[in-house]
Amino acid sequence: ESLLAQIKPLFPPSTPYIAANGNIVLTFLCEGPLPDINTWSLTGDVTSSAILIEPLVIQQFKADYSYRNKVLDIPQFSGSLFDGHSEGNLRLDFSFKEPKIRFIHLSKGMNLNMLMNAFSEKEEKFAGKLDLALELDGIAGDPSSITGIGSVALCEGRLWKLPVFQGIPLLISIPIMG
């Protein structure tokens, strides 16, 4: 059974489609008997001009990885996401009955207009640069188990089209009795 076949059932059916575009360079060193993936020791790196994780397109993608003792470790990945810089790391530990996941991600200078329109059904005009930091832990394939922290910062932004801000004028115009 292939590594992909073993990993795929760990994610829900709604897991986004992942594809690569252009040339992919994959290097690896494999040690251990080939029929038993649990004895494998893999190390290597991946580079691609574009990786698609619908609806995200990560340009100039680079990653280092290793697989040892049932742990897939990507200690460093980077690329360009919505015209900003994106980097982070990922760890999947298959030594547990329910594999554990740890994901850390940092993006700087993402184009807010590109980001919002990638997730919206109708095109809107937004402006600004977005910085995002995430740190997530949980059980792979169980979104309800995910816990984490994060932060978002917007520079040079215009937010008036976001639904959360549509009620502010109503709040401001409410008369206060006193």
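Because the structure is predicted, anything quoted here is derived from the model rather than measured. (Residues numbered from 1 in each chain as written. Predicted model: local features only at pLDDT ≥ 70, side-chain atom pairs only at ≥ 80, totals over all residues. Heavy atoms only, no water.)

1. A word on the side chain of Asn 113
Among the secondary structure elements, Asn 113 is positioned in helix α2 (residues 112-118). Given the relative accessible area of 19%, Asn 113 is considered buried. Ignoring anything within four residues of it in the chain, the contact list for Asn 113 reads Glu 124, Lys 125 and Phe 126. (Helix = DSSP H or I, 4+ residues; strand = E, 2+ residues; numbered from the N terminus. Buried < 20%, exposed > 50% of the residue type's maximum accessible area, 1.4 Å probe, protein only. Contact = heavy atoms within 4.5 Å.)

2. Description of the pairing of strand β3 (residues 56-68)
Pairing of strand β2 (residues 41-53) with β3 involves 12 bridges; the strand directions are antiparallel. Residue pairing across strands places Thr 47 opposite Lys 62, the latter belonging to β3. Count of turn residues in the β2/β3 antiparallel hairpin: two residues. In this structure, β3 lies alongside strand β4 (residues 71-81), joined through eight bridges in antiparallel fashion. Paired with Asp 64 across the strands is Gln 76, a residue of β4. Between β3 and the antiparallel strand that follows it, β4, lie two residues; Asn 69 among them carries a positive phi value of about 50 degrees. (Pairing = 2+ DSSP bridges.)

3. Here we look at the environment of Thr 39
Structurally, the position occupied by Thr 39 is in the loop between β1 (18-31) and β2. Under the relative-accessibility criterion, Thr 39 is labelled partly exposed at 37%. For the pair Thr 39 and Arg 68, spaced 29 residues apart in the sequence, the C-alpha separation amounts to 7.7 Å.

4. Some thoughts on the packing of aromatic side chains
The final tally for this structure, using the stated rule, is one aromatic pair. Ring centres of Phe 77 and Phe 103 lie 6.1 Å apart, and the angle between their planes is 10 degrees; on these two criteria the pair is classed as stacked. Of the two residues, Phe 77 is situated in strand β4 and Phe 103 in strand β6 (residues 100-111); the sequence distance between them amounts to 26 residues. For Phe 77, a relative accessible area of 11% translates into the label buried. Positioned above the aromatic ring of Phe 96, the side-chain terminus of Lys 100 is 4.8 Å from the ring centre. (Phe/Tyr/Trp six-rings, centres within 6.5 Å; stacked < 30°, edge-to-face > 60°. Lys NZ or Arg CZ within 6 Å of the ring centre and 35° of its normal.)

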